[in-house]
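Take a look at the letters that make up each chain.
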Number of protein chains: 2
Amino acid sequence: MTMDELARQVKESSIKLAAAGAELKNKALANIAESLKEKKEEIIKANRDDLARSEKENLSAPLLKRLKFDEESITDVVDGIYSLINLEDPVGKTLLSTELDDGLELYKVTCPIGVIGVIFESRPDALVQISTLCLKSGNGVLLKGGSEAKETNRILTEIIIDASAAAGIPSNWAALLETRADVNDMLKMDSYIDLIIPRGSNDFVRYIMDNSRIPVMGHADGICHCYVDEDADLDMAVNIVVDSKTQYVAVCNATETLLVHEKAAPVFLPELKKILDSKKVELVGCPKTRALIPAEPAAEEDWKTEYLDYKLSIKVVSELEEAVDHINTYGSGHTDSIITRDREKAVHFMDYVDSGNVFWNCSTRFSDGFRYGFGAEVGISTGKIHSRGPVGLDGLVIYKYKLLGNGHIVENYFNRSKTFKHRSLNKEF
Amino acid sequence: MTMDELARQVKESSIKLAAAGAELKNKALANIAESLKEKKEEIIKANRDDLARSEKENLSAPLLKRLKFDEESITDVVDGIYSLINLEDPVGKTLLSTELDDGLELYKVTCPIGVIGVIFESRPDALVQISTLCLKSGNGVLLKGGSEAKETNRILTEIIIDASAAAGIPSNWAALLETRADVNDMLKMDSYIDLIIPRGSNDFVRYIMDNSRIPVMGHADGICHCYVDEDADLDMAVNIVVDSKTQYVAVCNATETLLVHEKAAPVFLPELKKILDSKKVELVGCPKTRALIPAEPAAEEDWKTEYLDYKLSIKVVSELEEAVDHINTYGSGHTDSIITRDREKAVHFMDYVDSGNVFWNCSTRFSDGFRYGFGAEVGISTGKIHSRGPVGLDGLVIYKYKLLGNGHIVENYFNRSKTFKHRSLNKEF
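Draft legend 1. Quick look at the interface of chain A and chain B. The interface is formed by 60 residues belonging to chain A together with 60 residues belonging to chain B. For the side of chain A that touches chain B, the secondary structure elements donating two or more residues are strand S1 (94-101), strand S2 (104-112), helix H9 (202-210), helix H10 (234-246), helix H14 (343-352), strand S13 (357-362), strand S16 (397-408) and helix H15 (411-414) of chain A. Sort the elements by how many residues they give to the side of chain A that touches chain B and S16 of chain A lands first, with eleven residues. For the side of chain A that touches chain B, the residue count by class is 29 nonpolar, 18 polar and 13 charged. Where S13 of chain A meets strand S16 (residues 397-408) of chain B, five bridges bridge the pair, whose relative direction is parallel. Among the inter-strand pairings, Cys 362 of chain A is bridged to a residue of S16 of chain B, identified as His 408 of chain B.

Draft legend 2. Local environment of the environment of Leu 59 of chain B. Residue and element names in this part refer to chain B. Tracing the sequence through the fold places Leu 59 in the loop between helix H3 (40-56) and helix H4 (61-67). On the neighbour-count criterion, Leu 59 (19 C-beta atoms within 10 Å) is partly exposed. Each C-alpha atom of the pair Leu 59 and Glu 148 lies 8.5 Å from the other, and the pair is 89 residues apart in sequence. If sequence neighbours within four positions are ignored, Leu 59 has contacts with Ser 54, Leu 64 and Glu 148.

Draft legend 3. Structural detail: the environment of Cys 362 of chain A. Note on placement: Cys 362 of chain A falls in strand S13. Classification of Cys 362 of chain A as buried rests on a count of 28 C-beta atoms within 10 Å. Cys 362 of chain A sits 121 residues away from Val 241 of chain A along the chain, and the two C-alpha atoms are 8.9 Å apart. Here Cys 362 of chain A is in contact with Ile 240 and Ser 337 of chain A together with Leu 104, Leu 403, Gly 405 and His 408 of chain B, once residues within four sequence places are set aside.

Draft legend 4. Quick look at the pairing of strand S2 (residues 104-112) of chain B. Residue and element names in this part refer to chain B. Among the nine residues in S2, seven count as buried, and that is most of the element. Where strand S1 (residues 94-101) and S2 come together, six bridges link them in antiparallel fashion. Paired with Ser 97 across the strands is Tyr 107, a residue of S2. Between S1 and the antiparallel strand that follows it, S2, lie two residues; Gly 103 among them carries a positive phi value of about 75°. Here eight bridges tie S2 to S16, and the two strands are oriented antiparallel to one another. Note on S16: the bridge partner recorded for Pro 112 is Val 397.

Draft legend 5. Up close: unusual backbone geometry. One non-glycine residue, Leu 308 of chain A, adopts positive backbone phi at about 55°. Its place among the elements puts Leu 308 of chain A in the loop between strand S10 (296-297) and strand S11 (311-317). For Leu 308 of chain A, a count of 17 C-beta atoms within 10 Å puts it in the partly exposed group. Positioned with a positive phi, His 422 of chain B is a non-glycine residue whose angle comes to about 45°. Summarising the element assignment, His 422 of chain B is placed in the loop between helix H15 (411-414) and strand S17 (423-424). Look at His 422 of chain B and you get partly exposed, because 16 C-beta atoms sit within 10 Å.

Draft legend 6. View of the relation of the copies chain A and chain B. If you rotate chain A by 180° and push it 0.0 Å along the axis, it lands on chain B with an RMSD of 0.0 Å. When the rotation and shift are considered jointly, the pair of chain copies conforms to a two-fold rotation axis. Taking the C-alpha atom as reference, chain A places His 386 of chain A closest to the rotation axis, 1.9 Å from it.

Draft legend 7. The arrangement of the sheet that holds strand S4 (residues 140-144) of chain A in detail. All names here are of chain A. Taken in spatial order, the four strands make up an open sheet running S5-S4-S3-S6, and their pairing is parallel. A single partner strand is all that each edge strand has here, and the edge strands are strand S5 (174-177) and strand S6 (195-199). Adjacent strand axes in the sheet meet at a mean angle of 20°, parallel and antiparallel pairs treated alike. Across five bridges, the pairing between strand S3 (residues 115-120) and S6 is parallel.

How each quantity is defined
Residues numbered from 1 in each chain as written. Chains lettered and ligands numbered in written order. Predicted model: local features only at pLDDT ≥ 70, side-chain atom pairs only at ≥ 80, totals over all residues. Contact = placed C-beta atoms within 7 Å. Helix = DSSP H or I, 4+ residues; strand = E, 2+ residues; numbered from the N terminus. Nonpolar A, V, L, I, M, F, W, Y, C, P; charged D, E, K, R; others polar. Pairing = 2+ DSSP bridges. Buried ≥ 20, exposed ≤ 12 C-beta atoms within 10 Å, placed from the backbone. Least-squares fit on C-alpha atoms with pLDDT ≥ 70 in both. Axes fitted to C-alpha atoms, helices over the stretch in contact; angles between N-to-C directions.

See the structure below:
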């Protein structure tokens, strides 16, 4: 089958899936969870084949680790599916209802986006997570995984399609793409695919963003900042900066740059350095920083770099406004935190920093769909259209307007024989 | 000043504008309205210069008509600004509030998108409408009008910038671009511009969509359908189809294709033809249509064509499903209406037709922000990301997450010394 035909089939099925009720979708999700448990030996075997082949092909250790999909991974994704079942159906919610005139009722009702293209590197758990999120939100999905995980991805996709079909979902709602050429084809299919979600490295996400006219939801960089104000509780500030930098360095919501008010810096930086030294964090800093603590000089490039490592860049600023400007210039619009006792300054920071997540007196590491209580997460978006910050199921729906009349025509309102009433109905469709 | 510098200035000012309160923005809007009235002679003179030059340059009559900006146009845009002032501020609304844990509060609050790039052909009223919508929603704006309207656009932009600056809005929040080269520069400025709104012909909108990686809000085609079901009230159906086709033919929500159930067609089509003949509507049809009424044969291309004229393509279908498939294949996702007495069929149609506006027993011409009661309209979107259908002020905002803590760090939740509570707060930020 050609890629074009495959995408057309998914598109067609997505329209039927869009009309499926919550009960049917949840039944399909439960079937998928049960089937994953039943077939765990086969899944683990397929993954062992992928691991063996990839080891032979000298795949790097971190990538091998991400490729591994064992009994624990299966338990995790199955738990994820059960919590997804318990979430409210995002489709069919009435967002607005207005009586335009007697007998002419307008409803704005949530519906699926249509077809989502998901492109991910090695991690097979992303395949299960995103495809079940798409199912719950009524979207068709084209999945493209890394070739290193091809056996694992095949069996997982087969299980997901078969188990959902057994519940009554049209089997073409999901499809797996396998070759690199498929990705480039996919990026051109704006007539069938409504949204692309890339999961992977910065370079990978940026490549996708640069090579498709289809909207992309995700983030390339996560250059997060902590700003320690002159009015900060310095013990609290040390705790928050240490957590933001070191709690888990390889993630997008870890802090990469620390900004410190010049009045706080002389006491704060030496205290902070003691803890960061114990965690082996490499420091680079501006000249004012280096006058207070030992650190390598920071280059312009450092302010734009997502280290994803035990490394922190530090800049001493003379006022709040300088911190805000620095963040808006070098940040990636992901997550930025101010540590201060002064509410007014905190509010100013949160108003003026142009990021999806703006924090006061807490760690940047809280920027996450599970921590926010969304239950399931599609990813974190640094875009400013549709969804921003951690994206839950709500990010996979849009709405349509349904207008119910009784022979109403516009000419009557044009010639003023009738006038609009625009009364709020507060009524579900 | 280079284009890059100009865009950077607008971006910087947009961050200050984002934090402006409703009162300040409304004061600026009132200043703009007053200033437009005061300077109406100058505006009309500038427009006369544009008209005279464009006439000499042999601009077509319809384009000259759109270019004209007279006393009535000024009254209209001023009225528009006063109704905009009365609309609720779309910025600063709390969409969600959750207590993640004791003293750790999450708020999802609406905020402006940032910088909007607006590109429009001749009509100067679009410049006033969109820039005041951007101001009300706290967005910076880069305006690019047609060169035929350059004098009118210059004076309008000057008035808007000066009058808003007099109220205390940073003067760089808006800027006018004038050359064709500026447009292509603008399409590349994804680091400064967050959204592009093109207003103009289909080809123009498609060019913009094809040549920028910045998200575009709008529609290229409006291929709208009426489907007359076997269970339709045929008198009502005639009224609705005539209104949908002829009430105003040159607009995107006018119907281009009529689908008729084969059981309704023999009685319905001859009745409809009588009225359409009196309005000089040219008909093209499928073979089954032509067996019932005189009409030219419809080619495959007709089903994909937005006539924007007194012309209608007609297809007889054997069931509801065939109508739905036709619309999903050839339509543009704009507006489609079913005429039937059968509620179940209507609901099916509205669920399965993948368009932004799905209607039951009323004219497709209702698809409009003013008729929907939104008060002001940015345009109509056939996209499925962010906004769909008629877009009001809500389409110009996004949200940010504000998290307020008291020294909270993630490590405590990771090592299970603390657990999340995720209690809904129902509290405004």
